[in-house]
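# What the coordinates show
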Amino acid sequence: MHINDLPDEVLSLVIGLVEQPAQPTRGLWEKAHPVLSICRRWRCIALPIVYRELFVWCEESADADCAPSARPVLTTNAGLVADLGVSCMARSLCMTVFYSAGPVSCVERALDLLRSAGTGHAWSSVRKLDLFIHPVSDDALADSHEVASLACAFAALLPGVVDIHLDDHVSDSFTVAMYRSLVDVYARQLRCLKTSYIWDSGTQPLARLAHLEVRFDMIRCRAMPGVSLDGLVSLHLAGAASHRVWHLLAGSNVREAAFDCLERLHVSYIQDQLPLPVDTACSSTPALRLAFPRLRDLEVHNAGDHCPVTTSATLPPAMDTVTLSCTAAALRRFAAGNPPRTKAVRLAVDCEDGTDCAGLFILASRLLQRSQQVLDAGLRIDTDRFVSECRHLDWPQFTRITVVQSATRSGVVAIIHRLPQLAELIVCGLDCGLADAAATQSSPVALPSRQSLRVLALYFCHSNYTTDAALAFLASCVQSLAGLELVRVYQLHSDHIVSLIQSHARAYPHIANVQFDCADMQIKGQARSLVRMVDSS
């Protein structure tokens, strides 16, 4: 079939996969996309695809003499927009504004650019506005009436916006005022909001807001407890501290909160022990209960035992997916109740010192058994003592194990034996000394043949280290683990690795495709390529 015989729908999918040469730069783009010059049919199909996302860059130089120099670049690109007639096709507009002393005039210049590119008409097709306002010098103050006027100008020029991303890393007065005014003017129609700022009840209620993402900043976060989250379908809180999540979810005085519409909840915490500024509005963690009767997807990262979602939340009896990255204490609180049945689950547990490994295994098994599919289950623990403490238990379906301090070869062998679905094993401080070698010889345990294990990282312990013992154990691993794709080692010289590969390549052909990586960067690459490199030298 000739490409000209493809239906328009298929051709549009092909054009959509073409990498656009125009990346976000100073202006809307540098030149027209080459696919537009192929033929009239391709041009008609490609125009709304290639230019569905537009980029505007407006910069006010700190040097007044250089400030006008940015305008000819913008004007040229605006002319291209007008010539192509794509202002009515754009679905997303990404605007970046850098200013020094005159923020109002700089934003007005960007709006003038859009007006000229749209030949005087409103950009009615734009649904998403991604705005980044950033000062390049000291904080600039702006009159509140001017800021409100600018926000109204945005609403007049982009009347169809329902999705706003406010990208910011500063708490400059003009930026905060501008963002707040924008949310105010679009309050009645806004469906999705991504921001680092949440305002108090002075802001108009966002009646139609369904998706909210708050990117907390550890130092300059302005989250306030008066935000109403009624009607939300999706809530994403990134980089939050536990007490901020409590107050944002239920306010400072409320003891119970129900989210009847919420279907997706994603919370990622910073470490609660990091220093945070004094926040009198959110200084304590209240005792409250949360209810999520319609929640389908739950994702929590770096949760501790103060996480409201894992400590006192009432979840529905059945959910689609649960992703939980937490401490052993948080898992204990979450699984001690009645965890929901799920279609798929991801679990990552970071154990503290003195964790009851047997109790942890029982809780993890209970949670994983209530899911139809275990997508990923990881355990990070100090030593391999759980091998002896849990030898009489049924082990959970762990796919990733990380031992961060000390382990023995017999412990590693036991882990591989007991976990047939293990895909990644990282062992730091692996003891390959004389004492461990003697213990292994007295009661040797053979490695099972495993196809599931893909990544093996062995960081051998410095104390009582013997190269022969380390090489012997590594050789037994690469012989038995036929599914290996990456082997990362430390404390072994590159010559030893190459010799091991050469001596085992014929008996175990799968070794040729394994990537070997020495942590000290002496050697890195595929086994076959490494041997060729050594032979040629």
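Residues numbered from 1 in each chain as written. Predicted model: local features only at pLDDT ≥ 70, side-chain atom pairs only at ≥ 80, totals over all residues. Heavy atoms only, no water.

As recorded in an unreviewed UniProt entry, the protein chain goes by the name F-box domain-containing protein, listed as coming from Coemansia biformis.

### A few points about the overall build of the protein chain
Our working definition: In this description a helix means any DSSP run of H or I spanning at least four residues, a strand means any run of E spanning at least two, and both kinds are numbered starting from the N terminus. Working rule for contacts: check all heavy atoms of both residues, and any pair within 4.5 Å makes them a contact. Working definition of accessibility: Shrake-Rupley area with a 1.4 Å probe, residue cover restricted to the visible protein chains.
For the protein chain, the helix and strand inventory stands at 16 helices and 21 strands. For the protein chain, the proportion of contacts with a sequence separation of at least 24, taken over those separated by at least 6, is 70%. A total accessible area of about 25,200 Å² is found for the protein chain, and carbon and sulfur atoms account for 52% of it.

### Observations concerning the packing of helix 14 (residues 467-480) against helix 15 (residues 494-504)
The relative placement of two packed helices is expressed as an angle between their axes plus a distance between the axes. Put simply, the rule reads: Each axis is a line fitted through C-alpha atoms, taken for helices only over the stretch in contact, and angles between the N-to-C directions span 0 to 180 degrees. In these notes the angle categories are as follows: under 35 degrees is roughly parallel, over 145 is roughly antiparallel, 65 to 115 is roughly perpendicular, and the rest is oblique. Take the far helix as your reference; a near helix turned counterclockwise from it by less than a right angle gives a left-handed crossing, and one turned clockwise gives a right-handed crossing. Here the term charged refers only to Asp, Glu, Lys and Arg, the term nonpolar to Ala, Val, Leu, Ile, Met, Phe, Trp, Tyr, Cys and Pro, and the term polar to all other amino acids, Gly among them.
At a closest axis distance of 11 Å, the pairing of helix 14 and helix 15 adopts a crossing angle of 45 degrees. Relative to helix 15, helix 14 is oriented oblique. Crossing handedness for the pair helix 14 and helix 15: right-handed. Seen from helix 14, the contacting residues are Thr-467, Leu-471, Leu-474, Ala-475, Val-478 and Gln-479; seen from helix 15, they are His-496, Ile-497, Leu-500 and His-504. Looking at the contact of helix 14 with helix 15 residue by residue, the classes come out as six nonpolar, four polar and no charged.

### Here's the deal with the packing of helix 4 (residues 103-117) against helix 5 (residues 144-157)
Running from N to C, helix 4 and helix 5 point in directions that differ by 15 degrees, and their axes come no closer than 11 Å. With respect to each other, helix 4 and helix 5 are oriented roughly parallel. Crossing geometry of helix 4 relative to helix 5 is assigned as left-handed. Of the residues in helix 5, those in contact with Val-104, Val-107, Glu-108, Leu-111, Leu-114 and Arg-115 of helix 4 are Glu-146, Leu-150, Ala-153, Phe-154 and Leu-157. Looking at the contact of helix 4 with helix 5 residue by residue, the classes come out as eight nonpolar, no polar and three charged.

### Here's the deal with the packing of aromatic side chains
This is how the line gets drawn: The rule is short: rings of Phe, Tyr and Trp, with Trp giving its six-membered ring, pair when the centres are within 6.5 Å, and they are stacked under 30 degrees, edge-to-face over 60, tilted in between. Per-residue accessibility, obtained with a 1.4 Å probe over protein chains only, is compared with the maximum for each type, and a residue is labelled buried under 20%, exposed over 50%, and partly exposed between these values.
The tally for this structure, following the rule as stated, stands at six aromatic pairs. Aromatic pair Phe-361 and Trp-395: ring centres 5.4 Å apart, planes at 85 degrees, arrangement edge-to-face. Taken together, the positions of Phe-361 in helix 10 (residues 357-369) and Trp-395 in the loop between helix 11 (386-389) and strand 16 (400-408) put the pair 34 residues apart, joining distant regions of the chain. Each member of the pair, Phe-361 as well as Trp-395, is classed as buried. Ring centres of Phe-361 and Phe-398 lie 5.6 Å apart, and the angle between their planes is 65 degrees; this geometry places the pair in the edge-to-face category. Residue Phe-361 is found in helix 10, and its partner Phe-398 is found in the loop between helix 11 and strand 16; the two are separated by 37 residues along the sequence. Three or more aromatic residues joined by ring pairs form one cluster here, namely Phe-361, Phe-386, Trp-395 and Phe-398.

### Quick word on helix 15
Just so we agree on the cut-off: The arc in question is traced by the directions running from the helix axis to the C-beta atoms.
For helix 15, the set of buried residues is Ser-494, Ile-497, Val-498, Leu-500, Ile-501 and His-504. Buried residues of helix 15 fall within an arc of 155 degrees about the axis and therefore sit on the same side.

### A look at the sheet that holds strand 10 (residues 289-291)
Condition: Paired strands, in this sense, are two strands between which DSSP finds at least two bridges.
Reading across from one edge, 8-10-12 is the order of the three strands in this open sheet, with parallel pairing throughout. Strand pairing shows two members of the sheet lacking a second neighbour, strand 8 (256-258) and strand 12 (313-314), which therefore form its edges. As defined by bridge partners, strand 8 adjoins strand 10 across three bridges and the pair is classed as parallel. Across the sheet, residue Ala-258 finds its bridge partner in strand 10, namely Ala-291.

### Regarding the pattern of salt bridges
For clarity, the cut-off: By definition, a salt bridge exists where a carboxyl oxygen of Asp or Glu is found within 4 Å of a side-chain nitrogen of Lys or Arg.
Tallied over the full model, the rule gives twelve salt bridges. Between Arg-380 and Asp-350 there is a salt bridge, and its shortest N-O distance comes to 3.3 Å. Of this pair, Arg-380 sits in strand 15 (residues 371-383) while Asp-350 sits in strand 14 (residues 341-350), and the two are 30 residues apart along the sequence. A single network of salt bridges, built from pairs that share partners, joins Glu-263, Arg-294, Arg-296, Asp-297, Asp-320 and Lys-343.

### Things to note about unusual backbone geometry
Located in the positive-phi region is Asn-302, a residue other than glycine, with phi close to 60 degrees. Along the chain, the position of Asn-302 falls in strand 11 (residues 297-303). Phi at Gln-491 takes a positive value of approximately 85 degrees, unusual for a residue other than glycine. Along the chain, Gln-491 turns up in the loop between strand 19 (486-490) and helix 15. Its relative accessible area of 25% is what places Gln-491 among the partly exposed residues.

### Considerations on the pairing of strand 6 (residues 211-215)
Note: strand 5 (residues 192-195) against strand 6, four bridges, orientation parallel. Within strand 6, the position partnered with Leu-193 by the bridge is Leu-212.

### Focus: the nonpolar core
Defined as follows: We define the nonpolar core as a collection of buried residues of types Ala, Val, Leu, Ile, Met, Phe, Trp, Tyr and Cys that are connected through side-chain atoms lying within 4.5 Å of one another.
Ranked by size, the top nonpolar core spans 147 residues in total, and within it Phe-154, Leu-158, Phe-386, Ile-401, Leu-425 and Phe-516 carry the most contacts. Every residue in contact with Leu-425, bar those within four places of it in the chain, is listed here: Ile-401, Val-412, Ile-415, Ile-416, Leu-453, Val-455, Leu-456 and Ala-457.

### Comments concerning the side chain of Asp-382
Our working rule: Charged residues are defined narrowly, with Lys and Arg counted positive, Asp and Glu counted negative, and His plus the chain ends left uncounted.
Residue position: Asp-382 is located in strand 15. Buried charge without a salt bridge: Asp-382, with Arg-380 as the nearest opposite-charge side chain at an N-O distance of 5.8 Å. Beyond its immediate sequence surroundings of up to four residues, Asp-382 is in contact with Asp-353, Val-403, Val-404, Gln-405 and Ser-406.

### A few points about the environment of Val-345
Positionally, Val-345 belongs in strand 14. A residue is classified by how much of its surface remains accessible, and Val-345, at 2% relative accessible area, is buried. Spatially, the C-alpha atoms of Val-345 and Ala-377 are 8.1 Å apart, while their sequence positions differ by 32 residues. Once you skip the residues sitting within four places of it in the chain, Val-345 turns out to touch Val-322, Leu-368, Ser-371, Gln-373, Val-374, Leu-375 and Asp-376.

### As for the side chain of Thr-96
Tracing the backbone shows Thr-96 in strand 2 (residues 92-99). Setting aside its immediate chain neighbours within four residues, Thr-96 contacts Val-56, Trp-57, Cys-58 and Phe-132.

### Re the environment of Val-161
For Val-161, the location among the structural elements is in the loop between helix 5 and strand 4 (163-166). In this structure Val-161 comes out as buried when scored by relative accessible area, which is 0%. For the pair Val-161 and Val-126, spaced 35 residues apart in sequence, the C-alpha separation works out to 6.0 Å. Dropping the residues within four chain positions of it, Val-161 is found in contact with Val-126, Arg-127, Leu-129, Tyr-186 and Gln-189.

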